Amino acid sequence: MHLTTETFVQNSDDAIGNAPLQKRLRVLSGFTQRRAFAFSELHDGEALRDRARAIKADAIAHLDRYLIQLEESVIRLGGTVHWARDAEAAREIILELAKANNVTSVVKSKSMVTEEIELNEALEEAGIEAVETDLGEYIVQLAHERPSHILAPAIHKSKEDISDLFADKLGIRDLVLPEEMAVAARKQLREKFCSAGMGVTGANFAVAETGTIVLVENEGNIRLSTTLPRIHVALMGIEKVIPKFDDLAVFLKVLARSATGQKMSSYASFITGTRRSDETDGAQQFHLIILDNGRTRILADEEKRESLYCLRCGACLNVCPVYQKIGGHAYGSVYSGPIGAIITPPLMGIDKSKDLPFASSLCGACREVCPVRIDIPHVLLKLREEWVEEKSSHDKGPGLLERLAMRMWAFTMSHRWAYNLAFRVPAFFQGPMLKDGKFDDLPFVFGGWTENRDFPALAKRSFRSMWRDI
Ligand code: SF4
């Protein structure tokens, strides 16, 4: 069963109580350490991040120009470009292509945007077999789940879980080592690559000046998905375009380091047009689908626009204290973690995902590691503000109790004697309520605070009185 954004709070509670999941999520800190080491080896790591941000800022500010240039370049190379306003339009284009070319089997590479448009479900409904070929994606597809991490879709599963899954779904038993599981999956997938009529991929980057679609990976499955089937369909959000081929020198350096701490990913495929007459492999047809699906709403908002700079490296997920406790499924969205919390509300509507912008301590760790320096905390605050405004436009205003409480608060804060009294009296009587020197269960409305953490005991003496004694 897919969890939804609307049940985020309950999903999070369940995730925190899920001991095996908590154990699995501990591996995330390893990604962050490897990232830090990979950047420390670069003498110009920070300058590269500045350059990456500047290129993205230029690309996003001039999307109209670069997307048209990309379209012209792809057509010049023999490819076809399709524009999709929303998920339904993108699904229709792919289904029509499959039907027109008698495709009955599709191999897919890991692509969040195809998750976003729910392509697998649409293909299956149309009677077309869709097989995920990234190992992690293959595992979650077998389990009928969604990916729980941008880069490591099956990070929530242990090797024992995967062994049981392979026994149950593939009839392959007694697999113990991860290598054995990889070999078993590879055998299944090889047949699919050879028989598929269409390969569907995302795009890490699309170069406007050359029409090159760039795909980075570590398993080689993308290379097979783009060269063995006779049709290659690449689906990209409008934000994936970059101006020049030379820009890749910057992005390829920061992407792999941010994602997995590698200097380079194992494979980088540059798809520039269809198979030439003197080439022995490659697709005979190439289709590029450029998807909006709410992205122009983000583009139109100056403060949220930088969300479109995202490279989907996953570094902000790995470092986020919230993601580290609840994992990806709790977000109920294809995009989880800090980046998911800022792009899901504008894509889906804030009313459906109102809790996501609040799922942050605003510690700023995500901004610190982001290769394009997206100011995620700032966008989170903007979304919180929008939600409060939206909510208050429907509210009748604060109730009697809230108004009374606010008046008392204002009175206390503006009269020193009342302020002193408000803290000293409870400090005097707090003794019986303390446990190990802390409150672990505050009464009345204050109880919300101690549901998940303790509250420190109130100081017996004020700061001013201690200061006087110095
Ligand atoms: S927001 Fe930054 S850190 Fe997070 S996935 Fe996107 S590029 Fe990576």
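Note that the coordinates shown come from a computational prediction; the quantities given were computed from them, not determined experimentally.

**Re the overall build of the protein chain**
Item 1. Counting its regular elements, the protein chain contains 23 helices and 13 strands.
Item 2. Based on the C-alpha atoms only, the size of the protein chain along its principal axes is roughly 90 × 55 × 50 Å.
Item 3. Each of the 470 residues in the protein chain was classed as buried or not, and the buried ones make up 50%.
Item 4. In the protein chain, 72% of the contacts between residues at least 6 apart in sequence involve partners at least 24 apart.

**What to know about the packing of aromatic side chains**
Item 1. The tally for this structure, following the rule as stated, stands at eleven aromatic pairs.
Item 2. Each ring, one from Tyr 419 and one from Phe 423, has its centre 5.0 Å from the other, and the planes form 50 degrees; the classification is tilted. You can see Tyr 419 and its partner Phe 423 sitting in helix H21 (residues 416-429), four residues apart, about one turn around the helix.
Item 3. For Phe 423, a relative accessible area of 39% translates into the label partly exposed.
Item 4. Here the aromatic cluster, defined as three or more aromatic residues joined through ring pairs, consists of Phe 8, Tyr 323 and Tyr 331.
Item 5. Positioned above the aromatic ring of Tyr 66 is the side chain of Arg 65, whose terminal nitrogen or guanidinium carbon lies 5.1 Å from the ring centre.

**Some words on the nonpolar core**
Item 1. Of all hydrophobic cores here, the largest spans 112 residues; its most connected members are Leu 70, Met 198, Phe 205, Ile 213, Met 236, Leu 288 and Ile 342.
Item 2. Discounting residues that sit within four places of it in the chain, Phe 205 has contacts with Thr 212, Ile 213, Val 214, Lys 240, Ile 242, Leu 248, Phe 251, Leu 252, Leu 255 and Leu 311.
Item 3. In this structure, Val 131, Leu 142, Ala 185 and Ala 196 belong to the second largest nonpolar core, which totals 18 residues.

**A few points about the site of the ligand**
Item 1. Surrounding the ligand, one finds Cys 310, Leu 311, Arg 312, Cys 313, Gly 314, Cys 316, Ile 339, Cys 370, Pro 371, Ile 374 and Ile 376.
Item 2. Partitioned by chemical class, the residues of the shell around the ligand number nine nonpolar, one polar and one charged.

**Description of the sheet that holds strand E11 (residues 434-435)**
Item 1. Spatially, three strands are ordered E11-E12-E13 in an open sheet, and the strand pairing comes out antiparallel. The strands lining the two open edges of the sheet, one partner per strand, are E11 and strand E13 (455-456).
Item 2. Here E11 runs beside strand E12 (residues 438-439); their pairing, made up of two bridges, is antiparallel. Bridged to Leu 434 within E12 is Phe 439.

**Observations regarding the side chain of His 149**
Item 1. Note on placement: His 149 falls in the loop between helix H9 (135-142) and helix H10 (159-170).
Item 2. Within polar-contact distance, the side chain of His 149 engages the backbone nitrogen of Ala 152 at 3.2 Å.
Item 3. In this structure the side chain of His 149 is engaged in a polar contact, spanning 2.7 Å, whose partner is the side chain of Asn 318.
Item 4. Once residues within four sequence positions are removed from consideration, His 149 is found in contact with Leu 28, Ile 155, Gly 314, Leu 317, Asn 318 and Tyr 323.

**Quick word on the sheet that holds strand E5 (residues 205-207)**
Item 1. Strand order in the open sheet formed by four strands is E8-E5-E6-E9, and the pairing between neighbours is mixed. Only two strands of the sheet have a single partner each, and these edge strands are strand E8 (241-242) and strand E9 (267-271).
Item 2. Judged from the two bridges that link them, E5 and E8 form a sheet pairing that is parallel. Residue Ala 206 lies in a different strand from E8, and its bridge partner there is Val 241.

**Some details on a positive patch on the surface**
Item 1. On the surface, Arg 416, Arg 424, Arg 464 and Arg 468 cluster together to form a positively charged patch.
Item 2. Elements with a minimum of two residues in the positive patch: H21 and helix H23 (463-469).
Item 3. Tracing the chain through its elements places Arg 464 in helix H23.

**Re the pairing of strand E2 (residues 105-108)**
Item 1. What you see with E2 is no split at all: Ser 105 and Val 107 on one side and Val 106 and Lys 108 on the other are buried throughout.
Item 2. Inspection of the sheet shows E2 paired to strand E3 (residues 129-132) by four bridges, in the parallel sense. The partner of Val 107 across the bridge, within E3, is Val 131.
Item 3. Bridging between E2 and strand E4 (residues 198-201) involves three bridges; their strand directions are parallel.

**With respect to a nonpolar patch on the surface**
Item 1. Residues Phe 411, Trp 417, Leu 421, Val 425, Phe 428 and Phe 429 make up a contiguous nonpolar surface patch of about 710 Å² in total accessible area.
Item 2. With five residues, the top contributor of residues to the nonpolar patch is H21.
Item 3. Along the chain, the position of Phe 411 falls in helix H20 (residues 400-414).
Item 4. Taking the relative accessible area as the measure of exposure, Phe 411 reaches 39% and is therefore partly exposed.

**So, helix H1 (residues 8-16)**
Item 1. Listing the buried residues of H1 in full gives Phe 8, Asn 11, Ser 12 and Ala 15. Buried residues of H1, seen end-on, are gathered within an arc of 100 degrees and therefore sit on one face of the element.
Item 2. Those residues of H1 that are buried lie in contact with helix H2 (19-25) and helix H16 (321-326).

Rules behind the numbers
- Residues numbered from 1 in each chain as written.
- Predicted model: local features only at pLDDT ≥ 70, side-chain atom pairs only at ≥ 80, totals over all residues.
- Heavy atoms only, no water.
- Helix = DSSP H or I, 4+ residues; strand = E, 2+ residues; numbered from the N terminus.
- Buried < 20%, exposed > 50% of the residue type's maximum accessible area, 1.4 Å probe, protein only.
- Contact = heavy atoms within 4.5 Å.
- Phe/Tyr/Trp six-rings, centres within 6.5 Å; stacked < 30°, edge-to-face > 60°.
- Lys NZ or Arg CZ within 6 Å of the ring centre and 35° of its normal.
- Core = buried A, V, L, I, M, F, W, Y, C linked by side-chain atoms within 4.5 Å.
- Near = heavy atom within 4 Å.
- Nonpolar A, V, L, I, M, F, W, Y, C, P; charged D, E, K, R; others polar.
- Pairing = 2+ DSSP bridges.
- Polar contact = N/O pair within 3.5 Å; in protein donor to acceptor, adjacent residues only side chain to side chain.
- Patch = residues over 30% accessible without salt bridge, like charges linked within 9 Å, V, L, I, M, F, W, Y side chains within 5 Å.
- Areas by Shrake-Rupley, 256 points an atom, 1.4 Å probe, with all protein chains shown as cover.
- Salt bridge = Lys/Arg side-chain N within 4 Å of Asp/Glu carboxyl O.
- Lys, Arg positive; Asp, Glu negative; His and termini not counted.
- Charge placed at Lys NZ, Arg CZ, Asp CG, Glu CD.
- Arc of directions from axis to C-beta.

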